[in-house]
Structure formats: C-alpha cells, structure tokens
Amino acid sequence: QQPVQSPQAVILREGEDAVINCSSSKALYSVHWYRQKHGEAPVFLMILLKGGEQKGHEKISASFNEKKQQSSLYLTASQLSYSGTYFCGTVISSGSARQLTFGSGTQLTVLP
Amino acid sequence: GAGVSQSPSNKVTEKGKDVELRCDPISGHTALYWYRQSLGQGLEFLIYFQGNSAPDKSGLPSDRFSAERTGGSVSTLTIQRTQQEDSAVYLCASSSLRQGRTEAFFGQGTRLTVV
C-alpha cells in the first residue's frame, strides 16, 4: 500500500524548478505532502482531496489526479530553505479506516 | 497539549532488554500513528489507532512489537527483547483525520539505540 515516489533525489541550483511525483496502486481519498529537514520531525505542507484539486504553499504547489492515482509536487524558483526530504502520504479509499501511509521520500538539495 | 509529545527523546538499551516508548497526542485527535525511520530512510508505517482500536497492525515488524492506546489518548509502543536492527527513530503522529482532510502532526521522535 506504500505510495511510490520519484525521483529519489534531486539536486538543484537556487531559483530552479523541480517536480516530485507520488503514485499509488490503490484508489486514493487524499494525498498529503510533508517536508522533513535533517534531524527534525516531518512538517505538514498541504493536503489534496480527490477531485483533481491543486493547492499552493509559498512557491510550492501540488496537483492530484484521482483517475491516475497520482500527485505531483511542484517547487518553483527554489530557495535554499526548500532543502530537505519530501514525503507524500496517501489515504486510500477503503472502508472507514483512514490510514496514512508514506512514500520513501525524495531528497531535495538546493545549492547556492 | 500544544503538540505531540514523545518520551523519552533518546533511549539507549542493551540487546535483549524490553523498551517502552510513549506518545501523548494532541488533545482531541482520534487518529494516532506510529512510524519508524532508520538513518537516512523513509517513514515505515508500524500501526494506526482510531480511538483505542488498531484497524491495521500489519506494519509491526515482528511479534516482539506491540502497541496499545488507552482512553483515546496516550499510546505506548513496546519492543520486547530488543535487537540491534530495532535501532531507529520512532515517530508518533496524531490527527483528527476526518474524511482525510486534516494534517497529521508529528512528535519529535524517540531515538532508540540498541547496543
């Protein structure tokens, strides 16, 4: 049930853009995105609900394609503070239990 | 409380000993999750509580691992006869996960080292 993230790692220069993908083999109810900096707990970025919505946070936005069971996180004009590991978490549509399962993460490094 | 609180923050134990990790979720949060994160790795799902019941225990690595939650609040994760491969950061998260709308808040984790 674990979602699959790609790429595993990205190295950018400050100001460049990046896309992180998250896909599931199960029908998704919602997708969560978190960022974790080294030695810290994951921090919530945003939630996307089924319906194909798109959301933004700073210069970070995401889309959710329910039919493809995929979500993408877009980082535009990246800043040094964006460095960290990005995790997508998925809630699958199965009964009443809403289990949140995370992908293995994408390590993003922004260089000056 | 203001956030998810985990204790202890660090635990060093000898191989073969039992350890108990505690998680105090945000007040009113009905969903509680335990994850394990090994050095440089992703978040490995262990167990999920909705109230006091655990609909899914499939992530527990072995029968040495158990967890309980009482009063819809505090949860404890117990590891019996610890092994070196149990060394990791154990993260707890809670949410008022209704219809998948609410974000999960993480505690700072318990760093477990088995020597």
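Residues numbered from 1 in each chain as written. Chains lettered and ligands numbered in written order. Predicted model: local features only at pLDDT ≥ 70, side-chain atom pairs only at ≥ 80, totals over all residues. Heavy atoms only, no water.

Peer 1: Describe the nonpolar core, with residues and values.
Peer 2: The biggest cluster of nonpolar side chains holds 22 residues, and the ones touching the most others in it are Trp33(A), Leu73(A), Leu75(A), Tyr86(A) and Leu108(A). Of all the secondary-structure elements, those providing two or more residues to this core are strand 2 (9-13), strand 3 (18-23), strand 4 (28-36), strand 5 (43-49), strand 7 (60-65), strand 8 (70-75), strand 9 (84-92) and strand 11 (106-111) of chain A. In terms of nonpolar packing, the next biggest core, distinct from the first, is built from 20 residues, Ile47(A), Ala31(B), Val89(B) and Phe106(B) among them. (Core = buried A, V, L, I, M, F, W, Y, C linked by side-chain atoms within 4.5 Å. Buried < 20%, exposed > 50% of the residue type's maximum accessible area, 1.4 Å probe, protein only. Helix = DSSP H or I, 4+ residues; strand = E, 2+ residues; numbered from the N terminus.)

Peer 1: How would you explain the packing of aromatic side chains if you had to name every residue and give the values?
Peer 2: Under the criterion given, the structure shown has ten aromatic pairs over all chains. Between the aromatic rings of Phe87(A) and Phe102(A), the centroid separation amounts to 6.5 Å while the plane-to-plane angle is 85°, which identifies the pairing as edge-to-face. With Phe87(A) in strand 9 and Phe102(A) in strand 10 (residues 100-102), this pair connects stretches of sequence that are 15 residues apart. For the pair shown, Phe87(A) and Phe102(A) are each scored as buried. Taken together, the ring pairs connect Tyr34(A), Phe44(A), Phe87(A), Phe102(A), Tyr33(B), Tyr35(B), Phe45(B), Tyr48(B) and Phe106(B) into an aromatic cluster. (Phe/Tyr/Trp six-rings, centres within 6.5 Å; stacked < 30°, edge-to-face > 60°.)

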